[in-house]
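Geometric and topological summary
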Amino acid sequence: MELTVAMPCYNEVDNIPHLATELVPAVRKLSNDFEILVVDDGSTDGTADACERLGIPEIRVVRHAKNQGLGAGVRTAFAEARGDLLVTMDADLTFSPADIGKLLERYKQGDVDFIIGSHGLAGYAADIPRWRVMISQAANVFYSLLAGRRVRGVSSLFRLYRTDIVRGLPVRTSGFETPVEIFFLLVQRGFRFVEVPTALGNRRFGVSKLNYKREIKRHARLV
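The notes below deal with the structure included here. Computed from a predicted model, the values in this text were never measured in an experiment. (Residues numbered from 1 in each chain as written. Predicted model: local features only at pLDDT ≥ 70, side-chain atom pairs only at ≥ 80, totals over all residues. Heavy atoms only, no water.)

1. Here's the deal with the nonpolar core
- In terms of nonpolar packing, the biggest core is built from 36 residues, with Val5, Leu23, Ile36 and Ile100 touching the most fellow members.
- When residues of this core are traced back to their parent elements, those giving at least two are strand E1 (3-9), helix H1 (17-28), strand E2 (34-41), helix H2 (47-53), strand E3 (59-64), strand E4 (85-88), helix H4 (100-107) and strand E7 (193-197).
- For Val5, the residues in contact, after removing those within four places along its chain, are Leu23, Val27, Glu35, Ile36, Leu37, Val87, Met89 and Ile100.
- In terms of nonpolar packing, the next biggest core, distinct from the first, is built from 28 residues, Val151, Ile165, Val171 and Phe183 among them. (Core = buried A, V, L, I, M, F, W, Y, C linked by side-chain atoms within 4.5 Å. Buried < 20%, exposed > 50% of the residue type's maximum accessible area, 1.4 Å probe, protein only. Helix = DSSP H or I, 4+ residues; strand = E, 2+ residues; numbered from the N terminus. Contact = heavy atoms within 4.5 Å.)

What follows is the structure, given as structure tokens:
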């Protein structure tokens with residue numbers, strides 16, 4: 001299979017109809033051989049059932065018996081993906097499905113192993129609170145110092161990977177720090193990356209699971 005687009009989900013039933021109206025049509029324009037892999041992380045609101053009721057053959061659901069966190073959802077996506085290329089993205093569609101095409105076009109240049117969809121390069125939506133932008137920018141500066149090169153979207157889940165480089169990757173984190181851990185695991189192994197500008201919008205449906213106090217502690221442990 002050419003492409004897997006994977007979405008870890010936890011209580012995202014309000015966003016599921018938009019997979020049919022926004023995500024699937026966007027991916028169909030890019031590939032004739034793809035799957036949408038929904039990793040339901042122990043949702044209690046019927047997220048997985050809503051996915052299956054869509055009746056779209058390209059959508060495949062993998063269920064966790066209980067909620068384990070974003071890291072577990074990503075690990076399952078890495079293990080279950082059938083595509084040679086894997087795109088991971090947020091279930092709230094704060095990154096536009098249309099921007100998957102930007103990641104694929106950049107990958108075709110053949111000089112990188114993974115690509116980060118970077119909101120730091122593209123800019124933030126005007127309605128995103130300034131304090132959230134400042135936290136994101138500060139994290140990018142700090143992790144850039146650790147990486148030894150400038151990175152403007154280090155915490156972005158919206159990425160394209162060669163699936164073989166993440167299969168079996170020893171990801172240990174469980175929260176929103178997981179993309180950062182993955183970034184450093186891959187860079188330490190010598191894999192090449194680049195960022196492309198992809199705008200970050202605000203969540204339109206459902207409730208965010210991000211707790212900044214909790215995530216700051218998790219990032220501190222990761223460091």
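2. Some points on the sheet that holds E7
- Read from one edge of the open sheet, seven strands run E3-E2-E1-E4-E6-E5-E7, paired in mixed fashion. The outermost strands of the open sheet, each flanked by one partner alone, are E3 and E7. Across the sheet, the axes of successive neighbouring strands diverge by a mean angle of 20°, strand direction being ignored.
- Bridge count for E2 against E3 is six bridges, and the pairing is parallel. Bridge pairing in E3 links Asp41 to His64. (Pairing = 2+ DSSP bridges. Axes fitted to C-alpha atoms, helices over the stretch in contact; angles between N-to-C directions.)

3. Details of the environment of Ser43
- Inspection of the secondary structure puts Ser43 in the loop between E2 and H2.
- With a relative accessible area of 18%, Ser43 lands in the buried category.
- Residues Ser43 and Asn11, 32 residues apart in the sequence, show an inter-C-alpha distance of 4.8 Å.
- Sequence-distant contacts of Ser43, defined by excluding residues within four places in its chain, comprise Cys9, Tyr10 and Asn11.
- A polar side-chain atom of Ser43 sits 2.7 Å from the main-chain amide nitrogen of Asn11.
- Here the side chain of Ser43 touches Asp40 through a polar contact of 2.6 Å, side chain to side chain. (Polar contact = N/O pair within 3.5 Å; in protein donor to acceptor, adjacent residues only side chain to side chain.)

4. Let's talk about unusual backbone geometry
- A positive phi is found at Asn11, a non-glycine position, where the angle reads about 50°.
- Residue placement: Asn11 occurs in the loop between E1 and H1.
- Phi is positive for Leu93, which is not a glycine, with a value near 60°.
- Tracing the chain through its elements places Leu93 in the loop between E4 and H4.
- Judged by relative accessible area, Leu93 falls into the buried class, the value being 7%.

5. Comments concerning helix H8 (residues 178-188)
- The element H8 is largely enclosed, with a buried count of nine among its 11 residues.
- Residues of H8 that are buried include every one of Thr178, Pro179, Val180, Glu181, Ile182, Phe183, Phe184, Leu185 and Leu186, and no others.
- Two residues or fewer past H8, Gly190 is found with a positive phi of approximately 85°.

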